[in-house]
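Each chain is listed here by its residues.
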Amino acid sequence: MTAIGIIGAAGRMGQAIAAELSVQGITPAGGVDKGQGDLTALVGASDILIDFSSPAALAANLDTCVAANTPIVIGTTGLEAEHHALIDEAARRIPVLQTGNTSLGVNLLAALVEDAARRLGEDWDIEIVEMHHRHKVDAPSGTALLLGQAAARGRGVDLAAHTESGRHGITGARAKGAIGFAALRGGSVAGDHQVILATEGERIEIGHRAENRGIFARGAVKAALWLVGQPAGRYDMKSVLGL
Ligand SMILES: NC(=O)C1=CN([C@@H]2O[C@H](COP(=O)(O)OP(=O)(O)OC[C@H]3O[C@@H](n4cnc5c(N)ncnc54)[C@H](OP(=O)(O)O)[C@@H]3O)[C@@H](O)[C@H]2O)C=CC1
Ligand SMILES: O=C(O)C1=N[C@H](C(=O)O)C[C@H](O)C1
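Since the model is a prediction, treat every value here as computed from it, not as a measurement.

## Some points on the site of ligand 1
Step number 1: As a matter of local geometry, ligand 1 sits amid 25 residues, with Gly 8, Gly 11, Met 13, Ala 57 and Gly 75 nearest to it.
Step number 2: With three residues, the top contributor of residues to the shell around ligand 1 is helix 1 (residues 12-23).
Step number 3: For the shell around ligand 1, the per-class residue count stands at eight nonpolar, 14 polar and three charged.

## Focus on the sheet that holds strand 7 (residues 163-165)
Backbone hydrogen bonds hold the strands of a sheet together, and the pairing may be parallel or antiparallel.
Step number 1: Reading across the sheet, the five strands line up as 7-8-6-9-10 and stay open at both edges, with mixed pairing between neighbours. In this open sheet, the two strands that pair with only one neighbour each are strand 7 and strand 10 (202-209). Each adjacent strand pair in this sheet contributes to an overall mean axis angle of 20°, direction not counted.
Step number 2: In this structure, strand 7 lies alongside strand 8 (residues 179-185), joined through three bridges in parallel fashion. Bridge pairing links Thr 163 to Ile 179 in strand 8.
Step number 3: Sheet strands touched by helix 6 (residues 142-155): strand 6 (125-132), strand 7, strand 8 and strand 9 (192-199). Its angle to strand 6, the strand with the most contacts, is close to 165°.

## Here we look at the site of ligand 2
Step number 1: The environment of ligand 2 is formed by Thr 77, Gly 100, Asn 101, His 132, Lys 136, Ser 141, Gly 142, Thr 143 and Gly 191.
Step number 2: Residues of the shell around ligand 2, tallied by class, amount to no nonpolar, eight polar and one charged.
Step number 3: Two domains each donate at least three residues to the shell around ligand 2, and these are domain 1 (4-102 + 213-241) and domain 2 (104-209).

## Some words on the pairing of strand 10
Step number 1: Pairing between strand 9 and strand 10: eight bridges, direction antiparallel. Each bridged residue has a counterpart across the sheet, and for Ile 196 the counterpart in strand 10 is Glu 205.
Step number 2: Following strand 9, the chain reverses through two residues before pairing antiparallel with strand 10; Gly 201 in that reversal takes a positive phi of roughly 90°.

## Points about the packing of helix 1 against helix 7 (residues 214-227)
Step number 1: Orientation of helix 1 relative to helix 7, taken along the N-to-C sense of each, is 65°, at an axis distance of 8 Å. Judged by the inter-axis angle, helix 1 sits roughly perpendicular to helix 7. Two packed elements cross with a definite hand, and for helix 1 against helix 7 that hand is right-handed. Touching Met 13, Ala 16, Ile 17, Ala 19, Glu 20 and Leu 21 of helix 1 are Gly 214, Phe 216, Ala 217, Arg 218, Ala 220 and Val 221, all from helix 7.

## Let's talk about the packing of helix 3 (residues 58-68) against helix 4 (residues 81-90)
Step number 1: The N-to-C vectors of helix 3 and helix 4 enclose an angle of 5°; their axes lie 10 Å apart at closest approach. Viewed along their axes, helix 3 and helix 4 adopt a mutual orientation that is roughly parallel. Across the interface between the two elements, Leu 58, Ala 59, Leu 62, Cys 65 and Val 66 from helix 3 touch His 83, Leu 86, Ile 87 and Ala 90 from helix 4.
Step number 2: Residues that form the contact of helix 3 with helix 4 fall into these classes: eight nonpolar, one polar and no charged.

## Let's talk about the nonpolar core
Step number 1: In terms of nonpolar packing, the biggest core is built from 37 residues, with Ile 17, Ile 50, Ile 72, Val 73, Ala 220, Ala 223 and Ala 224 touching the most fellow members.
Step number 2: Sort the elements by how many residues they give to this core and helix 7 lands first, with eight residues.
Step number 3: Listed in part, the 17 residues of the second largest apolar core include Val 113, Ala 150, Ile 179 and Val 195.

## Notes on the sheet that holds strand 5 (residues 95-98)
Step number 1: On the basis of which strands lie adjacent, the open sheet formed by six strands has the order 2-1-3-4-5-11 and parallel pairing. Two strands close off the open sheet at either side, each with one partner strand: strand 2 (30-32) and strand 11 (233-235). The sheet shows a mean angle of 20° between the axes of neighbouring strands, taken without regard to direction.
Step number 2: Direction of pairing for strand 4 (residues 72-74) relative to strand 5: parallel, over a ladder of three bridges.

## Side note on the domain arrangement of the chain
Step number 1: Segmenting the chain into domains produces domain 1 (4-102 + 213-241) and domain 2 (104-209).
Step number 2: Computed over C-alpha atoms, the centres of domain 1 and domain 2 are 26 Å apart.
Step number 3: On the domain 2 side, the residues contacting the 11 residues of domain 1 number 12 residues.
Step number 4: Among the elements of the structure, helix 7 and helix 8 (237-241) are those that each provide at least two residues to the side of domain 1 that touches domain 2.
Step number 5: Tallying contributions element by element places helix 8 first for the side of domain 1 that touches domain 2, with three residues.
Step number 6: Here the side of domain 1 that touches domain 2 is built from residues that sort into three nonpolar, six polar and two charged.

Basis of the calculations
- Residues numbered from 1 in each chain as written.
- Chains lettered and ligands numbered in written order.
- Predicted model: local features only at pLDDT ≥ 70, side-chain atom pairs only at ≥ 80, totals over all residues.
- Near = placed C-beta within 6 Å.
- Helix = DSSP H or I, 4+ residues; strand = E, 2+ residues; numbered from the N terminus.
- Nonpolar A, V, L, I, M, F, W, Y, C, P; charged D, E, K, R; others polar.
- Pairing = 2+ DSSP bridges.
- Axes fitted to C-alpha atoms, helices over the stretch in contact; angles between N-to-C directions.
- Contact = placed C-beta atoms within 7 Å.
- Domains from an automatic or database assignment.
- Parallel < 35°, antiparallel > 145°, perpendicular 65-115°, else oblique.
- Left-handed = near helix turned anticlockwise from the far one by under 90°.
- Core = buried A, V, L, I, M, F, W, Y, C linked by C-beta atoms within 7 Å.
- Buried ≥ 20, exposed ≤ 12 C-beta atoms within 10 Å, placed from the backbone.

So, in structure tokens, the structure goes:
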């Protein structure tokens, strides 16, 4: 049986993953949290790690996994360019899967958005709206960015160069070709995402609503069981889900 260790074990996702492992009859290899538990010992006892913690923990998590030659699934969001560079570096030595969303529904939505953006072109404005629970600390969500990347890929443009987010005050008219982001926070929403493609006289709205964290946990466990057999490299959910 695959020994799966959890980083961020006491958190909302850590608990959801433990519940999913229990449903699948898998006993976790153990877990660590901020200042609690021995990461080196956990990695040593695990065939693979699942990390849903904090961007601040990423460097140590990757270093420890590389030192032990142990693969890792990273679900943590709020990652900056420096974190992605660390992931690329680690992925030369071990298998690393990083994604802003482990659910099947969101990853299929991303494929639909990429296709729509490719077919419709820049006369259709793209806006991505997300809503999450009041405890979420990063914005836009990792999923919104994943969907934005899909739209940018469809259009053949660089997302960073076309992002418009956090509009406020006299913003001026919308820039042609911009990909807009808006983030709402409140209550206990597990994760809602809507992609709006709007042109003169019509618009398309496609979206996804997470009703609970079980969908993310299921995807994370599926990703871990898949990644454990792969060679070193950087992966995302498309390979896991066959999309
Ligand atoms: N990719 C996906 O599909 C999904 C991604 N996420 C992302 O997963 C992350 C966690 O979300 P959620 O579970 O709701 O958050 P929580 O705050 O509930 O849990 C985070 C956990 O990580 C722990 N933690 C923080 N820093 C460290 C550290 N340095 N080392 C080890 N553990 C640490 C926290 O401990 P403490 O409380 O003591 O700080 C806490 O137990 C977020 O980035 C979120 O956006 C969430 C859902 C799905
Ligand atoms: O923090 C959350 O809760 C979630 N985070 C991920 C994100 O940032 O997109 C995935 C999901 O939407 C829930």
